[in-house]
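For reference, the chains in residue letters:
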Amino acid sequence: MSFLNGTGLTPASFILNGIPGLEEVHLWISFPLCTMYSIAIIGNFGLMYLIYSEEVLHRPMYIFLALLSFTDVLMCSSTLPNTLCILWFNLKEIDFKACLAQMFFVHTFTGMESGVLMLMALDRYVAICYPLRYATILTNSVISKAGFLTFLRGVILVIPFTFLTKRLPYCRGNVIPHTYCDHMSVAKISCGNVRINAIYGLMVALLIGGFDILCITISYTMILRAVVSLSSADARQKAFSTCTAHICAIVITYVPAFFTFFTHRFGGHTIPPHIHIIMANLYLLMPPTMNPIVYGVKTKQIREIVIRFLFKEKDNSHNI
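On a predicted model such as this, the values are computed, not experimentally measured, just so you know.

Student: Hey, could you go over the UniProt feature "transmembrane region" (unreviewed entry) in the protein for me, with residue numbers and the actual values?
Tutor: Sites flagged by UniProt as "transmembrane region" (unreviewed entry) map to residues 27-50, 62-89, 101-122, 142-164, 198-227, 239-262 and 274-295. Strand forms 0% of residues 62-89 and helix 93%; the C-alpha atoms that close the span are 39 Å apart. Span residues 198-227 is 100% helix and 0% strand, its end C-alpha atoms 41 Å apart.

Student: Talk me through a nonpolar patch on the surface; I want residue IDs and the actual numbers.
Tutor: On the surface, Val25, Leu27, Trp28, Phe31, Trp88, Phe89 and Leu91 cluster together into a nonpolar patch covering about 750 Å² of accessible area. Among the secondary structure elements, those contributing two or more residues to the nonpolar patch are α1 (26-53) and α3 (80-89). Here the nonpolar patch gets 3 residues from one element, more than from any other, and that element is α1. Among the secondary structure elements, Leu27 is positioned in helix α1. For Leu27, a relative accessible area of 42% gives the class partly exposed.

Student: If you had to explain the confidence of the model for the protein to someone new, which residues and values would you point to?
Tutor: A residue-level look at the protein finds 93% of positions with pLDDT of 70 or above and a mean pLDDT of 90. In the predicted structure, residues 1-7 sits below a pLDDT of 50 and forms 15 contacts with residues beyond four places in sequence or in another chain.

Student: Give me the lowdown on the state of the cysteines, citing residues and values where you can.
Tutor: Applying the stated criterion across every chain, the model contains 2 disulfides. Residue pairing for Cys99: its cysteine sulfur links by disulfide to Cys181, the two sulfurs lying 2.0 Å apart. Across the S-S bond of Cys99 and Cys181 the torsion is about -115 degrees, and the bridge reads as left-handed. Placement of Cys99 in helix α4 (residues 96-129) and of Cys181 in the loop between β3 (175-176) and α7 (183-187) is noted, with a sequence separation of 82 residues between them. Neither Cys99 nor Cys181 differs from the other in exposure class; each is buried. The disulfide partner of Cys171 is Cys191, and the gap between their sulfur atoms is 1.8 Å. On the sign convention where negative is left-handed, the bridge of Cys171 and Cys191, at about 135 degrees about the S-S bond, is right-handed. Pair noted here: Cys171 is in the loop between α6 (140-166) and β3 and Cys191 is in the loop between α7 and α8 (195-228), with a separation of 20 residues, a long-range link. In the protein, the bonded cysteines, taken in the order they occur along the sequence, pair up as 1-3, 2-4. As a non-bridged cysteine, Cys129 has Cys243 as the owner of its nearest cysteine sulfur, 9.3 Å distant.

What counts as what
For every chain, the first residue of the written sequence is number 1, and numbering continues from 1 along that sequence. Where totals are concerned, whole chains, interfaces and linings use all residues; where local detail is concerned, this predicted model gives features only for residues with pLDDT of at least 70, and gives and counts side-chain atom pairs only at 80 or more. With hydrogens and water stripped out, all remaining heavy atoms of the structure feed into the side-chain values. UniProt positions are given in the numbering used here, feature names are shortened, and annotations may be inferred rather than shown by experiment. Starting at the N terminus, helices and strands are each numbered in turn, a helix being any DSSP run of H or I of at least four residues and a strand any DSSP run of E of at least two. Patch membership requires over 30% relative accessible area and the absence of a salt bridge. Like charges are linked within 9 Å, and nonpolar side chains (Val, Leu, Ile, Met, Phe, Trp, Tyr) within 5 Å. Each accessible area is a Shrake-Rupley estimate made with a 1.4 Å probe; only the visible protein chains count as cover when residues are assessed. One side-chain nitrogen of Lys or Arg within 4 Å of one carboxyl oxygen of Asp or Glu is enough to make a salt bridge. Accessible area is worked out with a 1.4 Å probe on protein chains only. A residue is then buried under 20% of its type maximum, exposed over 50%, and partly exposed in between. A residue's pLDDT is the predictor's confidence in that residue, given on a scale from 0 to 100. Pairs of residues are marked as contacts when any of their non-hydrogen atoms sit within 4.5 Å. For the purposes of this analysis, a disulfide is any pair of cysteine sulfur atoms at a distance within 2.5 Å.

This is the structure:
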C-alpha cells in the first residue's frame, strides 16, 4: 500500500471492495443497476427537455420538477459509473482525493434532493392555499434564489465531511467494503476516533433531512386542512391529484434514505453488509429512476404531452 506522507497513516488510494459476499454475482447485479441508471438518465433528460421546450410547462411546479430531475442525474452519476466499473471490470482502486470528492458530491446532491422535495411541498402549499397569489409569490427570481440556497446549504454543511475524514489515521488498511465513498463507510476503516464524524453526520442529517421533513409535514397538514374545507368533491379530488406524484417521490426518496442512515449507525451487527450496500446503491438510484415515471404517469399535462409526442412520431413514420 502506498502513502501520501511519511507517517504511513494517509493512503494514496482506497480499494472499494464492491459487495462483500456477493463477488461471484457482481456481473449479474450490474445488469439491473445499469438498466436503472439508463432509465434514470433517459427519463430525467427527457423530462427536462419537455419542460424546457413546452411553454405550457413553464410554471413553478414544473421548474421545480426540472430542478429535481437535474439533481437526480447528478446524484446517480456521482456513483453509478464507478460502481459499474467495479462490478464489470474489477477496477476497485480510487485515489484518496477522488474518494473525498465523491463523498462530497454524493452527500451534497442527496441533501439537495431532499431540499428540492421540500421546495416542491411548499409550491403545492402555495398553489392550493393561495391559488390567486401563486404566480406573484413564486416568481422566477424566488425560484432561482430558493434553488441556489438549497444547493448552498448542502455545500456548506457537507464540506466539513471531507476535512473530518481527511484528518483520520488509516493504519488498519485501505479496503472499503462498499461500492462508493460514503462518509461513514470511509470513517469506519480508520483506527482513529470517529465520534466527531458520527456526531456531525447526525447533525447534518437533522439539519437537512429533519428540517425538510418537518417543512413537508407542515405543508401537507395545511394542504389537508385546506382541501377538506372545500365544498366540492371534484375540487377536493383535483387538489389531491396535484399532490400524488410528489407524495410518491417523497416515499421513494426517504424510505431507502432512512434505512441506509439508521443501519449505518444502529444496525451494523444485525443487518448483513451486502444488504446494506445494495440498499445504499438503491438509495441513490431509485429516486432518479422512478421520479420521471411517476411524474409521467401521475401528472396529466406531462402525460398528454408525451402521448401527443409519441403519436406524432408514429404518424411521421407512417407518412415516410
